[in-house]
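Summary of structural features
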Amino acid sequence: MRRMTTYDPADIIPRILPLPKRHRWPFLNRLDYLQYRFVAFLLDLITIGYLLLAWNYLAERIDALNGLSIRFPVTISFLIVIELAALWGTLGTSLGARVVRLSLHTVEGDRPTLEQRLIRFLAWNLSLLVATVGHLWALGDAAWLTWADRLSGTIVVAQGRSQDAARARREG
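Everything quoted here is computed from the prediction, not taken from an experiment. (Residues numbered from 1 in each chain as written. Predicted model: local features only at pLDDT ≥ 70, side-chain atom pairs only at ≥ 80, totals over all residues. Heavy atoms only, no water.)

Here we come to helix 3 (residues 74-91). Over its 18 residues, helix 3 runs 26 Å from end to end, which matches the ideal 26 Å to within 8%, given 1.5 Å per residue. Inspection of helix 3 places S77, V81, I82, A85, A86 and T90 among the buried residues, and these make up the whole buried set. (Helix = DSSP H or I, 4+ residues; strand = E, 2+ residues; numbered from the N terminus. Expected span 1.5 Å × (residues − 1). Buried < 20%, exposed > 50% of the residue type's maximum accessible area, 1.4 Å probe, protein only.)

Overall, the coordinates contain 4 salt bridges when judged by the stated rule. With its nearest N and O atoms 3.2 Å apart, the salt bridge here joins R61 to E60. Note that D149 and R120 form a salt bridge whose closest N and O atoms lie 2.5 Å from each other. Here the residue D149 occupies a position in helix 7 (residues 147-152), and R120 occupies one in helix 5 (residues 114-129), the gap between them amounting to 29 residues. We note that D149, like R120, is buried. (Salt bridge = Lys/Arg side-chain N within 4 Å of Asp/Glu carboxyl O.)

Right, let's get into the environment of L104. Among the secondary structure elements, L104 is positioned in strand 1 (residues 102-106). Using a relative accessible area of 14% as the deciding quantity, one classes L104 as buried. Along the sequence, L104 and R117 sit 13 residues apart, while their C-alpha atoms lie 9.1 Å from each other. Excluding residues that lie within four positions of it along the chain, L104 makes contacts with T90, P112, R117, R120, T154, I155 and V156. (Contact = heavy atoms within 4.5 Å.)

Structure below.
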């Protein structure tokens, strides 16, 4: 597996920025990009939370499923939903990422390996444990990458932009 040792912002930012517009203040460009990642994660949370509620509803009302409801305290249920959404978004293309048109690539532009995806999931959890500093890191990072991006050698790319960048790399 070939890994880049440096993340050149001049190479990465044009590939990940979901909108071609440029704001007067560069900080707002970062927020444009991060809002896509946040919306995709929220959609995943809602989807998994709804599936958990739907399962419990059916398990209570269908005799064949009696006793199969999943009951945890609200805080534990919330943590499980967060973990499943993170795992879903890391190991595959989640529903939220499909809706927002995001995809996961290596820094070189290839599909990430299973090892990179698992490292990303573990780094995602590490970032969350440290008061989400690892996720907010992208606000100050030169290449707009989170800890999970840096540790796994992956980037989250808006699909339209990644196709344009791949085409430009092939032609140039």
